[in-house]
Amino acid sequence: MNLSVSSYDDLSDRIAAVRDEHGERRPGGADGRQPVHTVYVPADRFSRSTPADFGAEALRLLNTHTPGAGSFGAAFGLDPEIAGLVRERVAAKLSAEPVEDVRIDFEDGYGVRSDAEEDGHVEQVVEAVAAAYQVKGLPHYWGVRVKSFADGGHERSMRTLDGFLTALRDRLGRLPGGFTITFPKVVAAEHVALFAEWLDRLETALGLPSGILRFEVQVETPDAILDGDGRTGLRAIADAAAGRLTAAHFGVYDYTAALGLPPHEQRLDHPACDFARHVMQVSFAGTGVRLSDGSTNVIPRNDGPDEVNAAWATHAAHVRHSLRHGFYQGWDLHPAHLPSRYAAVYAFHLSGVDDVIGRVRAWHEQASSEASGVLDEPATIKALTSRLRRAVDCGALDESVLPAS
């Protein structure tokens, strides 16, 4: 081969350096299972049986208000062809694993208490967690939400986390797996850096392995989206976490209130929230930081069918909105949210699933895709495979249906 340039080794080395730097900043998606929700429970209301109690109440509501496939499909707007299967699997989920992730809340859901009262609830929560752990009653993921560093609660926040982890170590001798801390109302990357430094000190003092304390931030202030210099703030927040950041959760109500939206427009599916979610997606794509949407604040005021079905309709619509935008996790605040969460998630995964399996199988078997009318790219096949994996992880599909590869 005739070449006009004798050597391009220097360019090749520089190209590889850029590639490696990009790979460090965006190493790929997170490994392992992502929960479909995080259930927030005020600390003073958490007991060893809380996850099971949520499931029992959710199953009671399901059986009371949607006893069959027809009523279930009507309540959640499902295709009759899949309504029966979805209901069967939702009922099984509520019986076996109603809560995938729980957060014991010492922040907004708990409020401001005296030091003596909060210290007492820390002790109560430690006993509840220890008891649940000993009978395998803790969800797959669990953790605590502490107070924000942004509004004067920082000393109480550190005191609560220190007291909780110290007492739990003394009670169990270890930190159960799946533990995550929620760090709310981030307004500056510097607060995140200080929180990460605090976790480092806690690990040293408690004799924990370095880096075991991981946390998620709540994106619920305009400052997290655009910092004081008008730049996107989320990457600086991720960098400040020093490798401890597992997820970013969107906070609907603080965010929309900060923007000045009227109360009746402070809702998960408002276009202003879509903007924030899109910034989150662009900022964290390929970083291994998972994304979660926020909550629906509509709950039934009583057990009447009109109340329950209205709450279900609103919540299911919000879950579907999140799923369409690529947010596969959200917050749930009440047992009534569990049937609508799983109904919407399972219907999302099961709708057209045979076509998805066929496209993935054809790709791996290098079969022609012309018959399906779709010419899939590798990135699309990766997304379809991820969808199937999510469906299996949450219980919508059986492992056996996945293509072998």
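Note: the structure precedes this text.
Here's a quick rundown of the structure. (Residues numbered from 1 in each chain as written. Predicted model: local features only at pLDDT ≥ 70, side-chain atom pairs only at ≥ 80, totals over all residues. Heavy atoms only, no water.)

1. What about the sheet that holds strand S4 (residues 179–183)?
Now for step 1: Strand order in the open sheet made by the 8 strands is S7-S6-S5-S4-S3-S2-S1-S8, with parallel pairing throughout. In the strand order of this sheet, the two ends are held by strand S7 (290–292) and strand S8 (330–332), each with one partner. Strand-to-strand, the axes of this sheet are offset by a mean angle of 30 degrees, without reference to chain direction.
Now for step 2: Relative to strand S3 (residues 141–145), strand S2 (residues 101–105) runs parallel, the two sharing 5 bridges. Residue pairing for S3: Val102 is matched across the bridge by Trp142.
Now for step 3: Against the sheet, helix H13 (residues 337–350) contacts strand S1 (37–42) and S8, and its axis sits at roughly 150 degrees relative to S8. (Pairing = 2+ DSSP bridges. Helix = DSSP H or I, 4+ residues; strand = E, 2+ residues; numbered from the N terminus. Axes fitted to C-alpha atoms, helices over the stretch in contact; angles between N-to-C directions. Contact = heavy atoms within 4.5 Å.)

2. Notes on the packing of aromatic side chains
Now for step 1: In this structure the tally under the stated criterion is 15 aromatic pairs.
Now for step 2: Measuring from ring centre to ring centre gives 4.9 Å for Tyr40 and Trp331, while their planes differ by 50 degrees; the resulting arrangement is tilted. Of this pair, Tyr40 sits in strand S1 while Trp331 sits in strand S8, placing them 291 residues apart in sequence.
Now for step 3: The exposure class assigned to Tyr40 is buried, which follows from its relative accessible area of 6%.
Now for step 4: Under the relative-accessibility criterion, Trp331 is labelled buried at 8%.
Now for step 5: Between Phe183 and Phe215, the ring centres sit 6.3 Å apart and the planes meet at 80 degrees, which makes this aromatic pair edge-to-face. Remark: Phe215 occurs in strand S5 (residues 215–219) and Phe183 occurs in strand S4; sequence separation between them is 32 residues. For the pair formed by Phe183 and Phe215, the shared burial category is buried.
Now for step 6: Through a chain of ring-to-ring contacts, the aromatic side chains of Phe149, Phe183, Phe195 and Phe215 assemble into a single cluster. (Phe/Tyr/Trp six-rings, centres within 6.5 Å; stacked < 30°, edge-to-face > 60°. Buried < 20%, exposed > 50% of the residue type's maximum accessible area, 1.4 Å probe, protein only.)

All we've got here are geometric facts, nothing functional implied.
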